[in-house]
Amino acid sequence: MNVFRKRLRAEFGQKSYRHFVTMCREEMKENNPLDEIETDGKEVYREMCERIREWTPEEIAKKKERLAGTLLEAFRIARQFSFVFLFYIVANVVLIAMGLQPAVTNVSLALIGLCFLYKVYEFVCNRFCFVDAYLMMLYKTALERTSD
């Protein structure tokens with residue numbers, strides 16, 4: 001699961017998150033979301049604002065901090081991937097060059113490969129999550145406008 005989805009589920013709950021995703025996909029079918037930058041016309045945005053208005057200023061401040069942490073985590077995952085890939089290649093070359101017993105080398109390569117596959121999965125999930133990123137953008141805008 002990508003970091004945006006985790007944050008949105010934590011803030012609004014599973015049921016509301018699914019509702020927002022459904023509404024967002026319907027809006028995207030009707031028109032291109034990149035054409036209309038104005039958020040006020042979007043039903044998802046209005047519904048998020050209604051829910052945010054129920055929160056206290058202290059809750060809104062905490063949620064803003066968590067939102068900033070989530071955005072930093074998404075950027076960290078994207079930035080770290082090149083280092084993870086480089087480490088994977090170097091670790092494989094070193095293991096093969098050490099000339100250990102084949103069983104030890106194969107098990108080590110398999111374990112490193114599994115760890116690398118997890119990082120690839122994490123990177124791809126966070127890289128290609130357009131709907132969640134779009135909802136997160138709407139959530140960020142709603143938080144900022146509601147708190148002002």
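Here is what the cut-offs are and how they apply
- Residues numbered from 1 in each chain as written.
- Predicted model: local features only at pLDDT ≥ 70, side-chain atom pairs only at ≥ 80, totals over all residues.
- Heavy atoms only, no water.
- Phe/Tyr/Trp six-rings, centres within 6.5 Å; stacked < 30°, edge-to-face > 60°.
- Helix = DSSP H or I, 4+ residues; strand = E, 2+ residues; numbered from the N terminus.
- Buried < 20%, exposed > 50% of the residue type's maximum accessible area, 1.4 Å probe, protein only.
- Lys NZ or Arg CZ within 6 Å of the ring centre and 35° of its normal.
- Core = buried A, V, L, I, M, F, W, Y, C linked by side-chain atoms within 4.5 Å.
- Patch = residues over 30% accessible without salt bridge, like charges linked within 9 Å, V, L, I, M, F, W, Y side chains within 5 Å.
- Areas by Shrake-Rupley, 256 points an atom, 1.4 Å probe, with all protein chains shown as cover.
- Salt bridge = Lys/Arg side-chain N within 4 Å of Asp/Glu carboxyl O.

## Brief notes about the packing of aromatic side chains
The tally for this structure, following the rule as stated, stands at eight aromatic pairs. Ring plane angle 45° and centroid distance 5.9 Å describe the contact between Phe 85 and Phe 116, whose orientation is recorded as tilted. Taken together, the residues span a long stretch of sequence, with Phe 85 in helix 4 (residues 57–98) and Phe 116 in helix 5 (residues 102–127) at a distance of 31 residues. A relative accessible area of 13% places Phe 116 in the buried class. Each ring, one from Phe 130 and one from Tyr 134, has its centre 6.1 Å from the other, and the planes form 20°; the classification is stacked. Placement of both Phe 130 and Tyr 134 in helix 6 (residues 130–147) is noted, with a separation of four residues, approximately one turn of the helix. Three or more aromatic residues joined by ring pairs form one cluster here, namely Phe 81, Phe 85, Tyr 88, Phe 116 and Phe 123. In this arrangement the basic side chain of Lys 63 is found over the ring face of Trp 55, its NZ or CZ atom lying 4.3 Å from the centre.

## Looking at the nonpolar core
Counting residues in each nonpolar core, the largest one holds 29 residues, and the members touching the most others are Val 44, Met 48, Leu 135 and Tyr 139. No other element matches helix 6, which puts eight residues into this core.

## Focus: a nonpolar patch on the surface
Taken together, the side chains of Leu 86, Val 90, Val 94, Met 98, Leu 100 and Val 104 make up a nonpolar region of the molecular surface, amounting to roughly 510 Å² of accessible area. No other element matches helix 4, which puts four residues into the nonpolar patch.

## Considering the pattern of salt bridges
Tallying each qualifying case throughout the model produces eight salt bridges. The closest approach of N and O atoms between Arg 7 and Glu 11, which form a salt bridge, is 3.0 Å. Of this pair, Arg 7 and Glu 11 are both found in helix 1 (residues 3–12), four residues apart, which corresponds to roughly one turn of the helix. On the basis of relative accessibility, which here comes to 18%, the residue Arg 7 falls in the buried class. Under the relative-accessibility criterion, Glu 11 is labelled buried at 8%. The salt bridge partner of Glu 11 is Arg 66, with a shortest N-O separation of 3.3 Å. Of the two residues, Glu 11 sits in helix 1 while Arg 66 sits in helix 4, which places them 55 residues apart along the sequence. A cluster of three or more residues bridged by salt bridges with shared partners is formed by Arg 7, Glu 11, Lys 63 and Arg 66.

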